[in-house]
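Single-letter residue listing:
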Amino acid sequence: MANIERLGSIFLLFSTIILSINFINCEKSLLTNQAALFVFGDSVFDVGNNNHINTFRAAQANVWPYGQTTFKFPTGRNSDGRLIPDFIAEYAWLPLIPPYLQPGNSVSQFTYGVNFASAGAGALVETHRPQNVIPLGSQLNNFKNVEKMFKEKLGDAETKRIFSRAVYLIQIGPNDYFYPFSVNASYFQSHSKAKFVDYVIGNTTTVIEGIYKIGGRKFGIMNMGRLDCIPGLLTMDPTRIGSCFEPITELIKLHNARIPNVLRDLQRRLPGFKYSLFDSYTAGTEAMENPTKYGFKEVKKACCGSGPFRGSSTCGYRAGSSRDFELCENVSDYMFFDGSHTSEKANQQTAELMWDGPSDLVGPYTLKTLFQNIN
């Protein structure tokens, strides 16, 4: 296992070098003015931070077959290959953005950005607190540590220039909305769903304002996607096996109705604030309802896992010497890699829409426009 991990580290380094060479070969003017990418969020964006913390198994993806498609080894990404931020970095002519907790990181490796995301994290501190993941507020604190590093090595002026030109990608909330059901199925019988959504959005807004205060101006935000229809939730209601989990659907719709107004308010209040809001819910619904249009044969069952729809979080788990999970033959046929996370193919499709998709799915800016707008 140690040899596999060493080979994996070498391969990841080699991949980063290749991407860096491609980046260096682009026009000098692009190199000089390149915008960095800073990433915050949960398992949808975590590229390996949870490899370096003591957390629960379901919040780590450092075992095979995770990473099998592109990297050929597990990197900590919750997919068979690349995640959305990996593709966004590629489109922006950036190298792979390193996880904040990766040993040996320095300012030189952070120049093009840092990934702070942590699988299992939420906007609320209470979400998965016993599991020792890194909530969004703590991710902001880690960003403040990076700010200090930059100022010590590069000075205040250069740090301000890098941060003001950078794009800040944020995906948070699914764990907050799922967690109450996982610990207390009757939680919302005595708690207001509307107020709970307000707490999640309020904490997210506080972090956005914190990044802005440090110098961030350009933000890429995803609304809540089809969390209610992931394979792992298709059996949550024993009376409606195979159907989307409606109690979470209500929370998703409340969230998605409010987040646009919150972002417009931030734009009014904060000079220079620009954002790109991606409608993950509509895009996900379209893919689920028209799978063949997007090259999928299966949009309900996961490629890797066990139980109904392979929705149980057993991907990569071995009981003794035997494998305690099923693995599909062709992951490119599947929208979901495991019970909670999409495949590399689905991630790439999402990233393409976020980068330069139609105005009915992304706006008022696309990520491409935010990266090009470096003034």
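Above this text sits the structure in question.
Right, let's walk through the structure included here. Note that the structure is predicted; figures quoted are calculated from it, not measured. (Residues numbered from 1 in each chain as written. Predicted model: local features only at pLDDT ≥ 70, side-chain atom pairs only at ≥ 80, totals over all residues. Heavy atoms only, no water.)

1. Let's talk about the pattern of salt bridges
- Per the stated rule, a full pass over the model turns up 15 salt bridges.
- As a salt-bridge pair, Asp265 and Arg269 come within 2.8 Å of each other at their nearest N and O atoms. Placement of both Asp265 and Arg269 in helix H9 (residues 246-269) is noted, with a separation of 4 residues, approximately one turn of the helix.
- Arg269 gets classed as partly exposed once you look at its relative accessible area, which sits at 42%.
- Overlapping salt bridges bring together Glu209, Asp265, Arg268 and Arg269 as one network. (Salt bridge = Lys/Arg side-chain N within 4 Å of Asp/Glu carboxyl O. Helix = DSSP H or I, 4+ residues; strand = E, 2+ residues; numbered from the N terminus. Buried < 20%, exposed > 50% of the residue type's maximum accessible area, 1.4 Å probe, protein only.)

2. Comments concerning the state of the cysteines
- Across all of its chains, the model carries 3 disulfides by this definition.
- Shown here is the disulfide that connects Cys229 with Cys244, its sulfur atoms set 1.9 Å apart. Given an S-S torsion of about 110°, the disulfide between Cys229 and Cys244 has right-handed geometry. Here Cys229 is found in the loop between strand E4 (218-222) and H9, whereas its partner Cys244 is found in the loop between E4 and H9, with 15 residues between them in sequence.
- Using a relative accessible area of 5% as the deciding quantity, one classes Cys229 as buried.
- With its sulfur 2.0 Å from that of its partner, Cys304 forms a disulfide with Cys315. The sign of the 100° torsion about the S-S bond sets the Cys304-Cys315 disulfide as right-handed. Remark: Cys315 occurs in the loop between strand E6 (304-305) and strand E7 (318-319) and Cys304 occurs in strand E6; sequence separation between them is 11 residues.
- Assessed through its relative accessible area of 0%, Cys304 is described here as buried.
- Accessibility expressed as a relative area gives 4% for Cys315, which makes it buried. (Disulfide = S-S within 2.5 Å.)

3. Thoughts on the nonpolar core
- Within the largest apolar cluster, 61 residues are counted, with the highest numbers of intra-cluster contacts made by Phe38, Phe143 and Phe219.
- Of all the elements, helix H8 (residues 193-214) adds the most residues to this core, at 9 residues.
- Phe38 has contacts with Gly113, Val114, Phe116, Phe143, Phe163, Ala166, Val167, Tyr168 and Leu169, leaving out every residue within four places of it along the chain.
- Formed by 26 residues, the second largest nonpolar core is a distinct cluster that contains Val39, Met222, Leu367 and Phe371. (Core = buried A, V, L, I, M, F, W, Y, C linked by side-chain atoms within 4.5 Å. Contact = heavy atoms within 4.5 Å.)

4. Some remarks on H8
- Spanning 22 residues, H8 covers 32 Å between terminal C-alpha atoms, matching the ideal 32 Å at 1.5 Å per step.
- The N-cap residue of H8 is Ser192: its side-chain oxygen and the backbone nitrogen of Ala194 are 3.3 Å apart. (Expected span 1.5 Å × (residues − 1). Polar contact = N/O pair within 3.5 Å; in protein donor to acceptor, adjacent residues only side chain to side chain.)

5. Examining the packing of helix H3 (residues 84-91) against helix H11 (residues 344-356)
- Relative to each other, H3 and H11 sit at 50°, their axes nearing to 8 Å. Judged by the angle between their axes, H3 and H11 are oblique. Of the two elements, H3 crosses H11, and the hand of that crossing is right-handed. Residues Ile84, Phe87, Ile88 and Tyr91 of H3 touch H11, and the partners they reach there are Glu344, Asn347, Gln348, Thr350, Ala351, Glu352, Met354 and Trp355.
- Tallied by class, the residues present in the contact of H3 with H11 amount to 7 nonpolar, 3 polar and 2 charged. (Axes fitted to C-alpha atoms, helices over the stretch in contact; angles between N-to-C directions. Parallel < 35°, antiparallel > 145°, perpendicular 65-115°, else oblique. Left-handed = near helix turned anticlockwise from the far one by under 90°. Nonpolar A, V, L, I, M, F, W, Y, C, P; charged D, E, K, R; others polar.)

Just distances and angles here, no functional claims.
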